[in-house]
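A closer look at the structure
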Amino acid sequence: MPTISTTLFNRAGSLLAALVALAGPALWSPPAMAKPGPAFPFAVHEKILPNGLHIEVVNYDSPGLVAYYTIVRTGSRNEVEPGKSGFAHFFEHMMFRGTERYSQDAYNKVITSIGADSNAYTSDDLTVYHTLAGKAALPTIAEIEADRFRNLKYSQPDFEKEARAVLGEYNKNASNPLEKMTETLYDHAFTAHTYKHTTMGFLKDIENMPNQFAYSLQFFDRYYRPDNVTVLVVGDVDAAAVFPLIEKEYGDWKSGPPRPAVPVEPLQTKERRAAQPWTGPTLSVLMEGFHTPAFSTKNVDLPALDVLSELLFAERAPLYKRLVITDQMVETLSGAADPHVDPNLFTVVARIKKPEDIARVETAIHDEVARIGRQGVDDKTLAEVLSHVKYAFAARLSTADRAADVAASFIALTGSIASINDYFALYDRVTSADVKRVAQTYFTATNRTVVTLTAVK
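Anyway, here's the lowdown on the structure attached to this text. Just so it is clear, the structure is predicted and the values come from calculations on it, not from any experiment.

Looking now at the overall build of the chain. On a plain count of helices and strands, the chain comes out with 16 helices and 11 strands. Whereas a compact globule of 457 residues would reach a radius of gyration of roughly 23 Å, the chain reaches 23 Å, a difference of no more than 12%. Long-range contacts, defined as pairs at least 24 residues apart, comprise 83% of the intrachain contacts of the chain with a sequence gap of at least 6. In the chain, which carries 46 positive and 54 negative side-chain charges, the distance between the mean positions of the two groups comes to 3 Å.

Contact geometry of helix 10 (residues 301-313) with helix 13 (residues 379-395) gives a least axis separation of 10 Å together with a crossing angle of 110 degrees. Judged by the angle between their axes, helix 10 and helix 13 are roughly perpendicular. Taken together, the residues of helix 13 that come into contact with helix 10 (itself represented by Asp-306, Val-307, Glu-310 and Leu-311) are Thr-381, Leu-382, Val-385, Leu-386 and Val-389. Here the contact of helix 10 with helix 13 is built from residues that sort into six nonpolar, one polar and two charged.

For soluble globular proteins, the rule of thumb is that nonpolar side chains tend to be buried together. Counting residues in hydrophobic clusters, the biggest one holds 72 residues, and the most contacted among them are Leu-232, Leu-305, Leu-308, Leu-323, Val-330, Leu-333 and Val-361. Residues contacting Leu-308, with those up to four places away along its chain left out, are Ile-372, Val-435, Val-438, Ala-439 and Phe-443. The next biggest cluster of nonpolar side chains, apart from the first, holds 56 residues, and it includes Ala-133, Leu-152, Ile-206 and Phe-219.

Next up on the list: helix 10. With 13 residues, helix 10 extends 18 Å from end C-alpha to end C-alpha; this agrees with the ideal 18 Å at 1.5 Å per step. Of all the 13 residues making up helix 10, 13 are buried; the element is thus mostly covered by neighbouring parts of the structure.

Let's shift gears to unusual backbone geometry. With a phi close to 50 degrees, Gln-328 is a non-glycine residue in the positive phi region. Looking at where Gln-328 falls in the secondary structure, it is placed in the loop between helix 11 (318-326) and strand 9 (330-337). For Gln-328, a relative accessible area of 48% puts it in the partly exposed group.

Before going further, it helps to examine the packing of aromatic side chains. A complete count under the given rule lists 36 aromatic pairs for this structure. Seen from their ring centres, Phe-159 and Phe-213 are 5.6 Å apart, and the 70 degrees between their planes marks the pair as edge-to-face. One end of the pair, Phe-159, is in helix 5 (residues 156-173); the other, Phe-213, is in helix 8 (residues 213-223), with 54 residues separating them in the sequence. Of the residues examined, Phe-159 reaches a relative accessible area of 0% and is grouped as buried. Geometry around Tyr-215 places Lys-84 over its ring, the cationic atom sitting 5.4 Å from the centre. Sitting over the ring of Phe-96, Arg-148 keeps its end group 4.7 Å from the ring centre.

The next subject is the pairing of strand 4 (residues 117-122). Along strand 4, five of the six residues are buried, which leaves the element largely enclosed by surrounding structure. From the end of strand 4 to the start of strand 5 (residues 127-134), which pair antiparallel, there are four residues.

Counted by the stated rule, this structure contains 25 salt bridges. Two residues, Arg-225 and Asp-221, come together in a salt bridge whose shortest N-O distance is 2.4 Å. Exposure remark for Asp-221: the relative accessible area of 36% places this residue in the partly exposed category. Where salt bridges share partners, they join Glu-271, Arg-273, Glu-362 and Arg-448 into one cluster.

For the rest of this paragraph, the subject is the sheet that holds strand 11 (residues 448-455). The five strands lie next to each other as 7-11-8-10-9, forming an open sheet whose pairing is mixed. Here the strands that pair on one side only, and so sit at the sheet edges, are strand 7 (272-278) and strand 9. The sheet shows a mean angle of 15 degrees between the axes of neighbouring strands, direction not considered. Both strand 9 and strand 10 (residues 344-352) contribute to a ladder of seven bridges, which runs antiparallel. Counted as the bridge partner of Ala-337 is Phe-346 from strand 10. Against the sheet, helix 10 engages strand 8 (284-292), strand 9 and strand 10, with an angle of about 170 degrees to strand 9.

This brings us to helix 2 (residues 87-94). Counting buried positions over the eight residues of helix 2 gives eight, a clear majority of the element. For helix 2, the complete set of buried residues consists of Phe-87, Ala-88, His-89, Phe-90, Phe-91, Glu-92, His-93 and Met-94.

Attention now goes to the environment of Lys-353. Take Lys-353: it is sitting in the loop between strand 10 and helix 12 (358-375). Overall, the relative accessible area of 39% leaves Lys-353 in the partly exposed class. For the pair Lys-353 and Met-329, spaced 24 residues apart in sequence, the C-alpha separation works out to 5.7 Å. In this view, Lys-353 contacts Leu-283, Gln-328, Met-329, Val-330 and Glu-331; residues no more than four positions away in its chain are not counted.

Another aspect to go through is the sheet that holds strand 4. The six strands lie next to each other as 1-2-6-3-5-4, forming an open sheet whose pairing is mixed. Of all strands in the sheet, those bounded by a partner on one side alone are strand 1 (44-48) and strand 4. Averaged over all neighbouring strand pairs, the angle between strand axes comes to 15 degrees, with direction disregarded.

Where helix 2 contacts helix 5, the two axes come as close as 10 Å, and the packing angle between them is 115 degrees. As for how helix 2 packs across helix 5, the hand of that crossing is right-handed. Residues Phe-87, His-89, Phe-90, His-93 and Met-94 of helix 2 touch helix 5, and the partners they reach there are Phe-159, Glu-162, Ala-163, Val-166 and Glu-169. Here the residues of the contact of helix 2 with helix 5 are counted per class, giving six nonpolar, two polar and two charged.

What follows covers the side chain of Asp-357. Relative to the helices and strands, Asp-357 resides in the loop between strand 10 and helix 12. Asp-357 sits in the buried class, given a relative accessible area of 10%. Residues contacting Asp-357, with those up to four places away along its chain left out, are Met-329 and Ile-352.

Bringing the environment of Val-385 into the picture now. Its location among the elements puts Val-385 in helix 13. Distance in space between the C-alpha atoms of Val-385 and Leu-311 is 8.6 Å, their sequence separation being 74 residues.

Definitions and limits used
Residues numbered from 1 in each chain as written. Predicted model: local features only at pLDDT ≥ 70, side-chain atom pairs only at ≥ 80, totals over all residues. Heavy atoms only, no water. Helix = DSSP H or I, 4+ residues; strand = E, 2+ residues; numbered from the N terminus. Rg over C-alpha atoms; globule rule 2.2 N^0.38 Å. Contact = heavy atoms within 4.5 Å. Lys, Arg positive; Asp, Glu negative; His and termini not counted. Charge placed at Lys NZ, Arg CZ, Asp CG, Glu CD. Axes fitted to C-alpha atoms, helices over the stretch in contact; angles between N-to-C directions. Parallel < 35°, antiparallel > 145°, perpendicular 65-115°, else oblique. Nonpolar A, V, L, I, M, F, W, Y, C, P; charged D, E, K, R; others polar. Core = buried A, V, L, I, M, F, W, Y, C linked by side-chain atoms within 4.5 Å. Buried < 20%, exposed > 50% of the residue type's maximum accessible area, 1.4 Å probe, protein only. Expected span 1.5 Å × (residues − 1). Phe/Tyr/Trp six-rings, centres within 6.5 Å; stacked < 30°, edge-to-face > 60°. Lys NZ or Arg CZ within 6 Å of the ring centre and 35° of its normal. Pairing = 2+ DSSP bridges. Salt bridge = Lys/Arg side-chain N within 4 Å of Asp/Glu carboxyl O. Left-handed = near helix turned anticlockwise from the far one by under 90°.

Shown next, in the form of structure tokens:
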């Protein structure tokens, strides 16, 4: 059976955070300038069926291999009804329950027989089902994937059993202090928007999920529709052959009903704080969130915040060297803004060796942000950071499957693979003045939510 992967900490696993991680200690080493050209350099072919289904075909040099992604532009962001959080992730589970034509066992036997690697994940803005297999298996994959999206069928006992499995997954994840802190941070940072709850959902909603069989049918009917889905095929493929294949399998799938709007988060006007006690042994943790803008291919602020995260938290950054290496107060230090459909957070995480140092670490972080807000960054360092970000992104496209994963994240944000190149073009516009401005604008006390975790003896 395919494994299923979702974590409460998806929010911290952002695209740009991954780029920062790839940057690592090489930041500010003598750069080899990135070659000019698009960030996503592969040929992309697009077709939209009359029912609204988007088909994206990407030619990638992977002889004999194809990555088949089905992207549902629905995540925990779309769980708008009170008491109904967690259903986007829940369907990540239910989609492996089978149909009349292909039961769960039959589906798994097909996946095994074609030697495919199949899995799924959910985040705030999307749910993705992905399969990596040989090129010859493409018609079979299209058939079984179209079948489960159009004809998923499950009984109430099956629903209740899977809901209990989700509760078990929540309890397992909640044993991680960082995941529990993330849950607390977002619960306090948001008051109206659905980013208030994690991808897993509120605990009380998950506990009540077995009683929501009727709502589950409504949720599936609302969001698992062709006008909310993109089929993405990356690899050794010919678009002229893929388009009729997809149209054959999905063409008579009916488009869906109108979908409810997502609440708008009001402006935060004062600092919010929460303390998270922890009964087991753990280091103290400081977690902060600062509201940041939504993803955009026009606004340079997110790329500027990405540069700022490098200046603050890369291993050669002055703040990192002082707190982690020289003073040895902090074990790990990181921070990044995670691109989202709607405004989200720049999160900062510090694991601190002694609880009495939490306040000192917090002050040191704020002081360094304020210093950069006053002084900005010199041109040489800025050029090196930007060059490194571009190379780090290129490294994420090293296989057909990884390129499909990157493309899926941008399809969720904008509906278009073209937004990758539009977004990375913004990095060439980032100036020292932009870095100063975003440091001054977003890292204010009134825009800040702080969560601290300490062990309770």
